[in-house]
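Letter by letter, the chains look like this.
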Amino acid sequence: MTETLTHATPHASDEAAVDQIREAVRALCARFPGEYWRAKDRERSYPSEFVAAMTEGGYLGVLIPEAYGGSGLGLSTAVAILEEVHAAGCNAAALHAQMYTMGTVLRHGSQAQKTLWLPKIATGEVRLQAFGVTEPTAGTDTTSIATSAVRRGDVYVINGQKVWTSRAEHSDLMVLLARTTPKDQAARKADGISVFLVDMRAARGHGMTIKPIRTMINHATTEVFFDNLEIPASCLVGEEGRGFRYILDGMNAERILIAAECVGDNRWFVEKASSYARERVVFGRPIGQNQGVAFPIARAHAQGRAARLMTYEAARLYDLGQPCAEEANTAKLLASEASWAAADTCLQTHGGFGFAEEYDVERKFRETRLYQVAPISTNLILSYLAEHVLGLPRSY
Ligand SMILES: Cc1cc2nc3c(=O)[nH]c(=O)nc-3n(C[C@H](O)[C@H](O)[C@H](O)COP(=O)(O)OP(=O)(O)OC[C@H]3O[C@@H](n4cnc5c(N)ncnc54)[C@H](O)[C@@H]3O)c2cc1C
């Protein structure tokens, strides 16, 4: 089985083709076993070799149209790729942003931006891995961001600060959200926010500073400071002031892709827990013979299967261009809970050994916990469903 996704790969709707892609992703991931991730985790270093292999395999260009050197497949294929990465015990956090920011560039970027960047992104010459939305004082309330972009002739001058900008040190481009009109002067709070495609290579040291944040997981996340950074006006994506809507468009894709990673994690934990429960003998019998051990694993498996169905349904609707916000949010909610239930169960099944690095359980346990907080926390998903699907009063 080839490990490279070729342009000849048929449509995503072709199940056999997607199965081939899954198999190729599994073969690639087999080259990056637990020891690799453990060492990266210990050193808090970026998995460059894994990102390079995924790029060379064509997997990061899956959503880029063929005309720009990608494979022009749909979100369902991206979902299958990320699911397999996580089910294999690897982690896509080092590379997934390129997939979930791609929609903003494809839908709203100018022809010149697409021609300039997409072929280079497809080959891996340029990495689009940084997504600067969150700010320390705004938190989840994105319309309260304060980072400003002021037009001066042919440039925008950026001032402000982002937090939790993951992969910033390993990315060449950043999709940046900034206010072009202060909130108190905008007609509506969602107006006056713009999206920019910033060339970080030119910006670093010329008004943009990156400071890593050490966290409980190896996520290469950072704070980014802007101090009179000048960027060409041609970096503006779409129309000035409409950026919040562009980003909202992309949120469904982001939620579906993260759900796929959680579904993959759920599969990894369930398999790991089951195999340990079959083999570990205590009191003269495999621990999995005890229903107190077996049932939580079976329950986590069932949760994962349900979350998986919702994730693929959301991706199917997304690929058809149909509304999918309810499904995308539900998939993210169910999948992040299914991965966490499986993680907790897997750790418990391993007893003391669950805490030992060499089993990889404690690392994956830490990693999968993130998805109930980022890229959007569970409460905000529930708020969306309560308000927009069930018609309950807005709570904030
Ligand atoms: C490792 C990591 C990587 C990240 N990567 C990126 C990135 O690349 N780019 C980026 O832009 N951001 C990134 N983030 C930020 C992430 O998207 C935010 O942390 C997340 O959206 C939550 O925002 P917050 O941390 O400001 O929490 P807050 O908004 O301060 O919320 C704190 C808590 O209060 C709850 N809460 C807040 N308001 C309400 C309400 N109205 N109703 C009910 N509950 C509420 C939330 O659910 C949450 O549990 C990352 C975060 C982490 C930890």
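Residues numbered from 1 in each chain as written. Predicted model: local features only at pLDDT ≥ 70, side-chain atom pairs only at ≥ 80, totals over all residues.

S.K.: Would you mind showing me how to read the overall build of the protein chain here?
M.R.: Helix and strand content of the protein chain: 12 helices and 10 strands. Over its C-alpha atoms the protein chain spans a radius of gyration of 21 Å, differing by no more than 12% from the 21 Å that the globule rule assigns to 396 residues. The dimensions of the protein chain, computed from C-alpha atoms along their principal axes, are 80 × 50 × 40 Å. Within the protein chain, buried positions represent 49% of all 396 residues. Sequence-distant contacts, at least 24 apart, represent 74% of the contacts inside the protein chain between residues at least 6 apart. (Helix = DSSP H or I, 4+ residues; strand = E, 2+ residues; numbered from the N terminus. Rg over C-alpha atoms; globule rule 2.2 N^0.38 Å. Buried ≥ 20, exposed ≤ 12 C-beta atoms within 10 Å, placed from the backbone. Contact = placed C-beta atoms within 7 Å.)

S.K.: What am I meant to see in the site of the ligand here?
M.R.: Taken together, the neighbourhood of the ligand is formed by 23 residues, with Val133, Gly139, Thr140, Trp164 and Ser377 sitting nearest. Among the secondary structure elements, those contributing two or more residues to the shell around the ligand are strand E1 (128–132) and helix H12 (378–389). The leading source of residues in the shell around the ligand is H12, at 3 residues. When residues of the shell around the ligand are assigned to domains, at least three map to each of domain 2 (129–244) and domain 3 (245–389). (Near = placed C-beta within 6 Å. Domains from an automatic or database assignment.)

S.K.: Sorry, what's going on with H12 here?
M.R.: The periodicity of an α-helix, 3.6 residues per turn, causes residues three or four places apart in sequence to face the same way. With 12 residues, H12 extends 16 Å between its outermost C-alpha atoms, agreeing within 8% with the 16 Å of an ideal straight helix rising 1.5 Å per residue. Positioned one or two residues after H12, Gly391 has a phi angle of 70°, which is positive. (Expected span 1.5 Å × (residues − 1).)

S.K.: What is the right way to look at the domain arrangement of the protein chain in this model?
M.R.: Interface extent is often summarised as the accessible area lost during association of the parts. As far as domains go, the protein chain holds domain 1 (15–127), domain 2 (129–244) and domain 3 (245–389). Taking only C-alpha atoms, the centre of domain 1 and the centre of domain 2 are 23 Å apart. Facing the 19 residues of domain 1 at the interface are 19 residues of domain 2. Broken down by secondary-structure element, the contributors of at least two residues to the side of domain 1 that touches domain 2 are helix H2 (34–43), helix H5 (97–108) and helix H6 (111–123).

S.K.: Quick question: what am I supposed to make of the pairing of E1 here?
M.R.: Consecutive side chains of a regular strand alternate in pointing toward one face of the sheet and then the other. The buried count for E1 comes to 5 of 5 residues, which makes it a mostly enclosed element. Bridging between E1 and strand E4 (residues 173–179) involves 4 bridges; their strand directions are parallel. For Leu128, the partnering residue across the bridge sits in E4 and is Leu173. (Pairing = 2+ DSSP bridges.)

S.K.: Hey, could you run me through the nonpolar core in this one?
M.R.: One recurring pattern in soluble globular proteins: nonpolar side chains tend to sit buried together. Formed by 117 residues in total, the largest nonpolar core has its most connected members in Val79, Phe196, Val198, Ile256 and Leu257. Looking at this core, the element that brings in the most residues is helix H8 (residues 243–279), giving 18 residues. (Core = buried A, V, L, I, M, F, W, Y, C linked by C-beta atoms within 7 Å.)

S.K.: Is there a simple way to think about the packing of helix H1 (residues 15–29) against helix H4 (residues 75–87) in this case?
M.R.: Each pair of packed helices can be described by the angle between their axes along with the distance between the axes. Two elements in contact, H1 and H4, have axes separated by 9 Å at closest approach and are oriented at 35°. In this structure, the crossing between H1 and H4 has a hand that is right-handed. Where H1 abuts H4, its residues Val18, Ile21, Arg22, Val25, Arg26 and Cys29 lie against Thr77, Ala80, Ile81, Glu84 and Val85. (Axes fitted to C-alpha atoms, helices over the stretch in contact; angles between N-to-C directions. Left-handed = near helix turned anticlockwise from the far one by under 90°.)

S.K.: How do you make sense of the pairing of strand E5 (residues 193–199) when you look at a structure like this?
M.R.: With 6 of 7 residues buried, E5 is to be regarded as a mostly interior element. One ladder, built from 2 bridges, connects E5 with strand E8 (residues 236–237); its direction is antiparallel. Considered in E8, the bridge of Phe196 is made with Leu236.

S.K.: When you look at the packing of H5 against H8 in this model, what are you seeing that I'm missing?
M.R.: The interhelical angle for the contact between H5 and H8, taken along N-to-C directions, is 145°, at an axis separation of 8 Å. Both H5 and H8 take part in a crossing whose hand is right-handed. Along its contact with H5, which presents Met99, Tyr100, Thr101, Gly103, Thr104, Arg107 and His108, the element H8 presents Tyr246, Ile247, Asp249, Gly250, Ala253, Glu254 and Leu257. A breakdown of the residues in the contact of H5 with H8 according to their chemical character gives 6 nonpolar, 5 polar and 3 charged. (Nonpolar A, V, L, I, M, F, W, Y, C, P; charged D, E, K, R; others polar.)

S.K.: Before we go on, may I ask you to explain the confidence of the model for the protein chain in this structure?
M.R.: Parts of the prediction with low pLDDT should not have their coordinates interpreted in detail. Looking at the protein chain as a whole, the pLDDT averages 95, with 97% of positions reaching at least 70. Confidence drops under pLDDT 50 across residues 7–12; counting only partners more than four residues distant or on other chains, this segment forms 13 contacts. (pLDDT = per-residue confidence, 0-100.)

S.K.: Is there a simple way to think about the environment of Lys162 in this case?
M.R.: With respect to the secondary-structure elements, Lys162 resides in strand E3 (residues 155–163). The exposure class assigned to Lys162 is buried, which follows from the 27 C-beta atoms found within 10 Å. Separated by 15 residues in the primary sequence, Lys162 and Thr147 place their C-alpha atoms 7.7 Å from one another. Apart from residues no more than four positions distant in its own chain, Lys162 is found in contact with Gly132, Thr134, Glu135, Thr147, Glu223 and Val224.

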